[in-house]
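A look at the structure
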Amino acid sequence: MYLPPHDPHVDDPMRFKPLFRIHLMERKCATVECMYGHKGPHNGHIQIVKKDEFSTKCNQTDHHRMSGGRQEEFRTWLREEWGRTLEDIFHEHMQELILMKFIYTSQYDNCLTYRRIYLPPSSPDDLIKPGLFKGTYGSHGLEIVMLSFHGKKAKGTKITGDPNIPAGQQTVEIDLAHPLQLPDIETLRDFSELSRIVLEVQEQVRREEQEEEQRQEEEGRSQQAASQPAVKPLGGEGAEGEETAAGAEGTTQNKAPASQPFVLPMGVISRNEDYPRTCRICFYGTGLIAGHGFTSPERTPGVFVLFDDDRFGFIWLELKSFSLYSRIKVSFQNAEAPSREAFDEMLKNIQSLAT
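The text that follows walks through the structure, step by step, so that each part is easy to find. It should be emphasised that the depicted structure is a prediction, and the values quoted were computed from it without experimental measurement.

Some details on the sheet that holds strand S4 (residues 30–34)
Within the open sheet, the five strands sit side by side as S3-S4-S5-S6-S7. Their pairing is antiparallel. Two strands in the sheet have a free side with no partner beyond their single neighbour: strand S3 (20–24) and strand S7 (112–115). Looking at each pair of strands side by side, their axes are set apart by 35° on average, direction ignored. Here five bridges tie S3 to S4, and the two strands are oriented antiparallel to one another. Bridge pairing in S4 links Phe-20 to Cys-34.

Next up, the structure:
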C-alpha cells in the first residue's frame, strides 16, 4: 500500500507499507502471507473476485493484536498515519474524525478487496498532464484525487475518501470555459471581493445552461415538425455555436499565461501555509460537500488555481477553506510489480490451487 505523506505536507513522498506477499514455489505451489500488524508475516488467503478485482483475507488476525489492547493499537496507528500523538491535536472535531477513521479502518483486519485503477488518458490539449494527486482536506488529512480532462471540463475524483465524501465521488469540477481574472494582490486579500467575482461567474454559467436547454428544446421541436424548413437553419446555428465554444476552449487551454502573484484571502483556512505565491491561471469550479455518511450532498462554487505542472489548489467558497494538491510521482519501484498479464496469471494459479 502506498500511503500519503503526513498531513499537511503534500510535497513529501508517498509512504510504502507491505500488506501481503505471495511465495511461488516449484510445481505451481504457492503460499500467501499477511504482512499486517507488528508480529511478522503470517498465514493469509487471496482469491479472484472478478475481472480487475481480487480480495485478500488474513487467517490469523490475532497477529494484529497488541499486548496493550486497543489503546496501544490506536496510539501506534496514530503515529504511523498522522506522525503525531493525540495530545498534539488540540481541535476536538479533528480528534473525533481521527478516532472515527481508526475504528472504520481497523475493523477490516486486512480482509480487503482490491480494484484496478485505470489512469485517465492524456491529450496535448490538456491544461496539465492528468494523473494522481495528494490533496489536503482539512481535519480529514491528506487524500488521493485523480485529475482527468473531458473537453471543456476537468474533474477531480476521489481515490481515497472520508466520512463525508467517500471514494469514487467527484470532489471538484473545473469549468475550463470560464477562466477567472483575479484582482490585484491587495484586493485579492479581501474575501468579499473574491466571492463577488466567483458568484458573478456562477450566475453567468447558470444563464448559459438555461439558454442551452432552451436551444435544445427548440431544436427538438423543430426536428419533430419535419415539414417545416426551419430545421436546417436551426441546426446550422447549433453547429456554429458548438464550433465557437470549441474554439474558445482551445484558445483558453492552449494559452501559456504569464504567472501572476497569488495570496489567499483573509479568513480562508489552509492546512498548508506553504502554498505557491504565484499562479498561472484560475478557473471557476464547483466542489462537493456533504454531512457525515454522505448526507445532503451539494455542489458549491469555488476557484481552481493552477500553480504549475505538478500543483494546483481549490478555494471552497462556502467553507472558506483551501485545498492544496501535489502530483504523485511514485514509480512503484519498491513493489517490483509484475506486468498485468503476469499478475493475472499468478492469481489464476493460486485460485486453482485453492479449489
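Structure's up, so let's keep going.
Observations regarding unusual backbone geometry
Here the amide bond leading from Asp-7 into Pro-8 is cis, since omega sits at 5°, within 30 degrees of zero. Topologically, Pro-8 is positioned in the loop between strand S1 (2–3) and strand S2 (15–16). A positive phi angle is found at Asn-110, which is not glycine, with a value near 65°. Tracing the chain through its elements places Asn-110 in the loop between helix H2 (92–106) and S7. Exposure remark for Asn-110: the relative accessible area of 5% places this residue in the buried category. Look at Phe-294: it is not a glycine, yet its phi comes out positive at around 60°. With respect to the helices and strands, Phe-294 occurs in the loop between strand S15 (281–291) and strand S16 (295–308).

A closer look at H2
The end-to-end C-alpha distance of H2, which contains 15 residues, comes to 21 Å, matching closely the 21 Å that a straight helix rising 1.5 Å per residue would cover. Among the residues of H2, those classed as buried are Met-94, Leu-97, Ile-98, Phe-102 and Ser-106. Projected onto a plane normal to the axis of H2, the buried residues spread over an arc of 150° and lie on a single side. In this structure, H2 carries Glu-92 and Tyr-104 as exposed residues pointing more than 90 degrees from its buried face. In the core, the buried residues of H2 are packed alongside helix H1 (69–82).

Examining the packing of aromatic side chains
Across all of its chains, the model carries 19 aromatic pairs by this definition. Centroid distance Trp-77 to Phe-102: 5.4 Å. Interplanar angle 55°. Geometry classified as tilted. Taken together, the residues Trp-77 in helix H1 and Phe-102 in helix H2 connect sequence positions 25 residues apart. Phe-102 carries the same exposure label as Trp-77, and that label is buried. Summarising the aromatic geometry, the rings of Tyr-137 and Trp-316 are spaced 6.3 Å apart at their centres and angled 65° between planes, so their arrangement reads as edge-to-face. Placement of Tyr-137 in the loop between strand S8 (131–136) and strand S9 (142–150) and of Trp-316 in strand S17 (residues 311–316) is noted, with a sequence separation of 179 residues between them.

A short note on H1
Spanning 14 residues, H1 covers 20 Å between terminal C-alpha atoms, matching the ideal 20 Å at 1.5 Å per step. For H1, the full list of buried residues reads Glu-73, Phe-74, Thr-76, Trp-77, Leu-78, Glu-81 and Trp-82. In this structure, the buried side of H1 is in contact with S2 and H2. Positioned one or two residues after H1, Gly-83 has a phi angle of 70°, which is positive.

Considering the pattern of salt bridges
Pairs can form between side chains of opposite charge whenever their charged atoms are close. Considering all chains together, one arrives at 24 salt bridges under this definition. Here Asp-52 makes a salt bridge to Lys-51, at a shortest N to O gap of 3.6 Å. Among the residues examined, Lys-51 registers a relative accessible area of 62% and is labelled exposed. We note a salt bridge from Arg-215 to Glu-219, for which the minimum N-O separation is 3.1 Å. Remark: Glu-219 and Arg-215 occur in helix H4 (residues 191–224); sequence separation between them is four residues, near one turn of the helix. Glu-219 sits in the partly exposed class, given a relative accessible area of 22%. Linked through salt bridges whose partners overlap, the residues forming this network are Arg-65, Arg-70, Glu-73 and Asp-109.

Reading guide: rules and limits
- Residues numbered from 1 in each chain as written.
- Predicted model: local features only at pLDDT ≥ 70, side-chain atom pairs only at ≥ 80, totals over all residues.
- Heavy atoms only, no water.
- Pairing = 2+ DSSP bridges.
- Helix = DSSP H or I, 4+ residues; strand = E, 2+ residues; numbered from the N terminus.
- Axes fitted to C-alpha atoms, helices over the stretch in contact; angles between N-to-C directions.
- Buried < 20%, exposed > 50% of the residue type's maximum accessible area, 1.4 Å probe, protein only.
- Expected span 1.5 Å × (residues − 1).
- Arc of directions from axis to C-beta.
- Contact = heavy atoms within 4.5 Å.
- Phe/Tyr/Trp six-rings, centres within 6.5 Å; stacked < 30°, edge-to-face > 60°.
- Salt bridge = Lys/Arg side-chain N within 4 Å of Asp/Glu carboxyl O.

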